[in-house]
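A closer look at the structure
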Amino acid sequence: MTNHTISARQGQALFFTGLLGISMVRLPSLAAALGGTWGWVWLGVGALGWAVMAYLAGEGDGLFLIETAPGRVVLLLLAIKNAVLGAVWLRYFAETISQLLLPRTPLLLTEIVTLGVIAYGVFRGPACRGRTAEVLWGLMVVTLGLLCAFSASNVEVQKLIPSESFGGVWTAVLVFFSGFGLEDLLFLGTYTKEKRRGSGLFHTGAVLAASMMALTALSLAIFGARTMAARRYPVLQLMDTIDFPLLFLERQDVWMTGIWIGSAILFLWGVAFWGSWQWRRGAHGKVQRPYAIFFLLLMGSGAAMMTSQAIIVKVLVALSAANGLCYALIGYCYWKTKRKGGSDETHDRSCSGDSVDADGLL
């Protein structure tokens, strides 16, 4: 039987690796385009909002959504959002792999193989994802540390000095609403024994914000705002600027890309797992496997429709706006549940195992 229980530390690792994996590819160049030399500052401000939202989610319990009809509608809306999110990031992931590593491999084949890996993680359950995230977390920290250390000689500090009078405050807004998957932290209590997870998630979010800020500042100090804004993968291309001693790595850019591949797949695992979980709970389903299979098919079909970068960017902007709507709807349902004297036993049910779906994926 698959182990469906994860530790609080594994939940933090999933939060860190998944969100950093997708964010370090897209957000730094957008921060440079919107905020110029102020971009790294405003990106840090927006990313700190992730820590606050993670704290609120960790201290709460998303099972209150199941107790009301509006809450179940919100769960279905979250499932739809995750389906679109999974489709667009699956396509973005496949295109990135094709451009950086496998230019002669058909894009469809890359998407199919990736879907197979995601399906394996989803059907194996949260424990499989949690253990993988723990291992990848350490590799990411070591890699980022080496990256900062060996890049120091190439840094031009004057490129980091904000030259604009104010900068792109919209960068912080965009970054905050690009914290995809933060609402899924509400449901971690279904698979963890710890009653309060907010403090650990907040600290993890703060480290995540600092990491994003450091990566963006490092990229700006090496490439400059204009050059960085024109690059699609500035952080992944940082490795190309490093001369490792004694030929430490001949293709160090491949190592950095490999780390990103692992974290991006972890993110897609989470999207598929929680999306099918939300769909099943909103629809009062009993077994998650059929929902997960159909959800994966939706992701694959949606990815095939993302035929251009223009479509991908538009969808990502729309999803960022949808995040704001989701936060508002969740807040409304929470207020309504509390006003009606909602059950205080929600978390106790989740921790006692009544809400953990031991047969949900089997």
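This section reports on the structure supplied with the text. All residue numbers refer to position in the chain's written sequence, counted from 1. Since the coordinates come from a predicted model, pLDDT governs what is reported: local features require at least 70, and pairs of side-chain atoms require 80 or more to be given and counted, while whole-chain, interface and lining totals use all residues. Heavy atoms from the whole structure form the basis of all side-chain values; hydrogens and water molecules are not counted.

Digging into the overall build of the chain
- Runs of H or I in DSSP of at least four residues are treated as helices and runs of E of at least two as strands, each being numbered from the N terminus. Within the chain, the regular secondary structure consists of twelve helices and zero strands.
- Working rule for contacts: check all heavy atoms of both residues, and any pair within 4.5 Å makes them a contact. In the chain, the proportion of contacts linking residues at least 24 apart, taken out of those at least 6 apart, comes to 85%.
- What sets the accessible areas is the Shrake-Rupley method with a 1.4 Å probe; for residues, cover comes only from the shown protein chains. Working note: accessible area of the chain is about 15300 Å², and carbon and sulfur atoms make up 67% of it.

Some details on helix α4 (residues 107–124)
- The first and last C-alpha atoms of α4 sit 26 Å apart over 18 residues, in line with the 26 Å expected at 1.5 Å per residue.
- Three labels apply to residues, based on accessible area from a 1.4 Å probe with only protein chains included: buried if under 20% of the type maximum, exposed if over 50%, partly exposed otherwise in between. Listing the buried residues of α4 in full gives Thr110, Glu111, Thr114, Leu115, Ile118, Ala119, Gly121 and Val122.
- Looking one or two residues past α4, Gly125 carries a phi angle of roughly 95 degrees, positive in sign. Multiplying one less than the number of residues by 1.5 Å gives the expected span of a helix.

Observations regarding the pattern of salt bridges
- Any carboxyl oxygen of Asp or Glu that lies within 4 Å of a side-chain nitrogen of Lys or Arg is treated as forming a salt bridge with it. Counted according to the given criterion, the structure contains four salt bridges.
- Between Arg9 and Glu134 there is a salt bridge whose closest N-O contact spans 2.8 Å. One end of the pair, Arg9, is in helix α1 (residues 8–35); the other, Glu134, is in helix α5 (residues 126–151), and 125 residues separate them in sequence.
- The class of Glu134 is partly exposed, set by a relative accessible area of 25%.

So, the packing of α1 against helix α7 (residues 198–223)
- For the pair α1 and α7, the least separation of the axes is 9 Å and the interaxial angle reads 30 degrees. It follows that α1 is roughly parallel to α7 by the angle criterion. Regarding α1 and α7, the two cross each other, and that crossing is right-handed. Touching Gly11, Gln12, Phe15, Phe16, Leu19, Leu20, Ser23, Met24, Leu27, Pro28, Ala31 and Ala32 of α1 are Gly200, Leu201, Thr204, Gly205, Val207, Leu208, Ser211, Met212, Leu215, Thr216 and Leu220, all from α7.
- Its residues placed into classes, the contact of α1 with α7 shows 15 nonpolar, eight polar and no charged. Fitting a line to C-alpha atoms yields each axis, with helices limited to the stretch in contact; the angle taken between N-to-C directions then spans 0 to 180 degrees. For classification purposes, an angle smaller than 35 degrees is called roughly parallel, one larger than 145 roughly antiparallel, one from 65 to 115 roughly perpendicular, and anything else oblique. Each crossing gets its hand from how the near helix is turned against the far one by less than a right angle, where anticlockwise is left-handed and clockwise is right-handed. Classification used: nonpolar for Ala, Val, Leu, Ile, Met, Phe, Trp, Tyr, Cys and Pro, charged for Asp, Glu, Lys and Arg, polar for all others including Gly.

Quick notes on the side chain of Ser219
- With respect to the helices, strands and loops of the structure, Ser219 is situated in helix α7.
- Note on Ser219: relative accessible area 0%, which makes it buried.
- Leaving out residues up to four positions away in the same chain, Ser219 has contacts with Gly224, Met228, Pro234, Val235 and Leu238.

Focus on empty space enclosed by the protein
- Here a cavity denotes grid points, spaced 1 Å and computed from the protein atoms alone, that fit a 1.4 Å probe unable to get out, and a pocket denotes an open set having protein on both sides within 12 Å along at least 5 of 7 lines; residues with an atom within 4 Å of a point are the lining. Grid points are joined across faces, edges and corners, and a volume is the space filled by probe spheres set on the points. For the structure shown, the criterion picks out four cavities of 30 Å³ or more.
- Its volume calculated, the largest cavity comes out at about 310 Å³.
- Taken together, 22 residues form the lining of the largest cavity, with Leu14, Phe15, Arg129, Gly181 and Leu185 sitting closest to its centre.
- Listing elements by their share of the lining of the largest cavity, those giving two or more residues are α1, α5 and α9 (252–282).
- Residue composition of the lining of the largest cavity, by class: 14 nonpolar, six polar and two charged.

Side note on helix α6 (residues 169–177)
- All buried positions along α6 are accounted for by Thr171, Ala172 and Val175. In a view along the axis of α6, the buried residues occupy a sector of 100 degrees, so they form one face of it.
- Looking at the buried residues of α6, the elements they touch are α1 and α2 (39–59). In this description, one arc is meant: the one made by directions from the helix axis to the C-beta atoms.

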